[in-house]
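Understanding the architecture of this molecule
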Amino acid sequence: VPQVQPRAEELSELYRELSQHPGLSTACLGPDLTTQYGGKYCSLYTEWSQRDLARAENIKFCRQYLIFHDGASIVYSGPAGTCSEIKDELLSRESPSGMLKAVLRKVPGKGKEKEKQFLEVWDQNRKVKSIDLTALDKHGSVYDDDQFGCLAWSHSETHLLYVAEKKRPKAESFFESKAPELGTSDEDTGHPKKEDAPIKGEKFVYHEDWGETLTTCSVPVLCVLDIEGNSISVLEGIPEHLSPGQAFWSPEDTGVVFVGWWHEPFRLGLRHCTNRRSALFYVDLTGGRCELLSEDTRAVWSPRLSPDGCRIVYLENNVLGPHQQCSRLRMYDWYTKHTSTVLEAVPRQAWGAFPGIYCGALPGMCWAADSRRILLDTAQRSQQDVFVVDTATGTTTSLTADVPQGSWSVLTIDRDLLVARFSTPSCPPMLKVAVLPAAGHEAQTQWICLQDAPPVPGITWGIRTLQPPPEQEHPQYRGLDFDAILMRPSEGPTAQKPPLVVMPHGGPHSVFTAGWMLYPAALCRVGFAVLLVNYRGSLGFGQDNVASLPGSVGTQDVRDVQLCVERVLQEETLDASRVALVGGSHGGFLACHLIGQFPDTYRACVVRNPVVNIASMVATTDIPDWCLTETGLPYKPDALPDPAQWTEMLHKSPICYVDQVRAPVLLMLGEDDRRVPPKQGLEYYRALKARGLPTRLLWYPGNNHALAGVEAEADGFMNMALWLLKHLQ
């Protein structure tokens, strides 16, 4: 059997090469300009991210393009100049006219000073405002995340709206005493002013946060900058039990529309959790009156105002249950106050029909110029496609049905110029543009490639569908199927009969779409076939598929992966004696289950922040509801699990099968993981060590659940590849 034995230097060179492919994050179209010959053109500003291994950080850079069009088609498009790095920008937003740009920038402190935040306003050729938000001290740090954060221009372009942490009163212990700072004492008494005086005994009070990746977010407030007056005001009138975010200006700039998340009785993790109770609100700027615009018993997010200012579309889920599910598209009419459902959740995916909405957010700009149609991307089984939705009729049309299969994402649409990203498992992200055809003719969309990415040689891939055997059908949801993406090396010594690396995704309610993924591509280039399994419970297959998994974790998902592995080994020329598992989070949960339940199949295992014991996780995670929901139990904030429920959580956990494990296990843990705390991995590590099994643990400080720090990601790949090569010899 041909052996794969690249040295560590060759592996690191391969990783260096593949990790340099940049990701495309945002796009913004400038205003239309007219040439002296009457032709129209506009600029396209794009932002990309790239790993810089030498600096051990992700860098951002921008590149501009020119698009000449006649309103119906693109006449010519091409790059304008080279790319340049963007430094210290946290947020940026062009004004509605395209004449101004707002930038939130972090500036390193001098000497012992803390880092500062500045809000800048730029016109076409200079910076016209630079406001030191830290010095003004009206609030804490500005949020630059995509959960709460926003930077929104008023329609008049005179004010900016953003979200920041509420200013926290200074606090000290009971025994601290400091001389008052100059300028802070009361002229009459010489004592510190009341508003500046620290509160005694409050120094160590616990402040809840919003969990994984949102640990600096506790009490968000909406803030408005008056650009002309250089003044900042914190909006009042927002109820105390709500945390506001995703805000924008109402029509006529009379107030602000925002999403408010309930945070009583306590905050649960919000990242990737589109099932948290929330609603759409309007706060009036003059009277401070706060008005509910949507139902207050649902979970809502991604509100987007139409260009004519008449309608707001947003996404909606049920509260609690699976963290990700098939969402409804709702629309609120600003003038009639009527809310309608544009698209319902789809029970089952069917080719030729709309698959349902499974996305973390709508594009920031998603409306067509007619203020009737919107654009969105969504998973459709194991690919991702772009659809146009007529909000008046609910009809949907795919814009990517007749183009190569892969993963499509909408970046922006403005004046019916559409900008998208496209990639496949063997082709890094590329930039595509099109003109949205008139209503009824959308299927004729012509995509043009503006920034190509050469395919990575040596990788072939395909999608296969699997049907569970009758005895493994879900009694309530019969007839469900699932997919897997198989990547194979097409060159090199193992191409004829490669070893197999099996990768189930995390979530469990997420999905592998046929797009560019660094680890699978790199493993394929090393000489492994890679099997990415979208077991039942994945997104993109209909709501029934999602609903089939809670209560069946540890059995249904495990059997789906094992069925897929056995089928692929039968039907493909792969080395069945050299099969390994790689998985993170719920994928790690499945990997640990599989090496315990099917020890004869697997020779090695690599897990990243795995769930190994649901019963011990429930008290330490930022998402305790996940532990009960996926076990098939009801979650209530005030309910304590009874002994039978603790038992059920334990029995569905891979720790129960540790006695059967024979494969060597490499664990990678993020020290700051709030979702699946590293104590989970440590519990498994100790159980394996106690049984004399070969195991190794990598501990990454400063990394959370995703282990996405550039250094941790690179080190993780090297250790994973070397572990697999060593134990699959």
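Residues numbered from 1 in each chain as written. Predicted model: local features only at pLDDT ≥ 70, side-chain atom pairs only at ≥ 80, totals over all residues. Heavy atoms only, no water.

Under an unreviewed UniProt entry, the chain has the name Acylamino-acid-releasing enzyme and belongs to Struthidea cinerea. Recorded in UniProt for the chain, the comment headed Subcellular location (unreviewed entry) runs: "Cytoplasm". Checking UniProt for the chain, the heading Subunit (unreviewed entry) contains the comment "Homotetramer." (UniProt positions renumbered as here; feature names shortened; annotations may be inferred.)

1. Some details on the packing of aromatic side chains
The relation between two aromatic rings is expressed through the spacing of the ring centres and the mutual angle of the planes. Enumeration over the complete set of coordinates arrives at 15 aromatic pairs. Relative to tryptophan 334, the ring of tyrosine 282 lies with its centre 5.3 Å away and its plane at 80 degrees, an arrangement referred to as edge-to-face. Residue tyrosine 282 is found in strand β18 (residues 278–284), and its partner tryptophan 334 is found in the loop between β22 (328–333) and β23 (339–343); the two are separated by 52 residues along the sequence. Judged by centre distance (4.7 Å) and plane angle (40 degrees), the rings of tryptophan 408 and phenylalanine 422 are tilted. (Phe/Tyr/Trp six-rings, centres within 6.5 Å; stacked < 30°, edge-to-face > 60°. Helix = DSSP H or I, 4+ residues; strand = E, 2+ residues; numbered from the N terminus.)

2. A few points about the environment of serine 426
With respect to the element layout, serine 426 can be found in the loop between β28 (417–424) and β29 (427–435). Serine 426 sits in the buried class, given a relative accessible area of 11%. Once the C-alpha coordinates of serine 426 and valine 456 are considered, the two residues, 30 residues apart in sequence, prove to be 5.4 Å apart. Excluding residues within four positions of it along the chain, serine 426 makes contact with Pro455, Val456, Ile459, Trp461 and Trp516. (Buried < 20%, exposed > 50% of the residue type's maximum accessible area, 1.4 Å probe, protein only. Contact = heavy atoms within 4.5 Å.)

3. A closer look at the pattern of salt bridges
Side-chain pairs of opposite charge can arise where the charged atoms are in close proximity. One pass over the structure, following the stated rule, counts 44 salt bridges. Here aspartate 137 makes a salt bridge to lysine 167, at a shortest N to O gap of 3.2 Å. Pair noted here: aspartate 137 is in the loop between α2 (133–136) and β10 (151–153) and lysine 167 is in the loop between β11 (159–165) and β12 (171–172), with a separation of 30 residues, a long-range link. The closest approach of N and O atoms between arginine 578 and aspartate 575, which form a salt bridge, is 2.9 Å. Aspartate 575 shares its class with arginine 578; the two are buried. The network of salt bridges with shared partners includes Glu295, Arg298, Glu316, Arg328 and Arg330. (Salt bridge = Lys/Arg side-chain N within 4 Å of Asp/Glu carboxyl O.)

4. Some thoughts on the confidence of the model for the chain
Interpreting fine coordinate detail is not advised for predicted regions of low pLDDT. Confidence in the prediction for the chain averages 95 pLDDT; 97% of positions are at 70 or higher. Here residues 1–5 is modelled with pLDDT under 50, and outside its nearest four sequence neighbours on either side it reaches 13 contacts, counting other chains as well. (pLDDT = per-residue confidence, 0-100.)

5. A few points about the state of the cysteines
Taken as a whole and judged by the stated rule, the model has zero disulfides. With no disulfide partner, cysteine 290 has as its closest neighbouring cysteine sulfur the one in cysteine 150, 15 Å distant. Judged by relative accessible area, cysteine 290 falls into the partly exposed class, the value being 26%. (Disulfide = S-S within 2.5 Å.)

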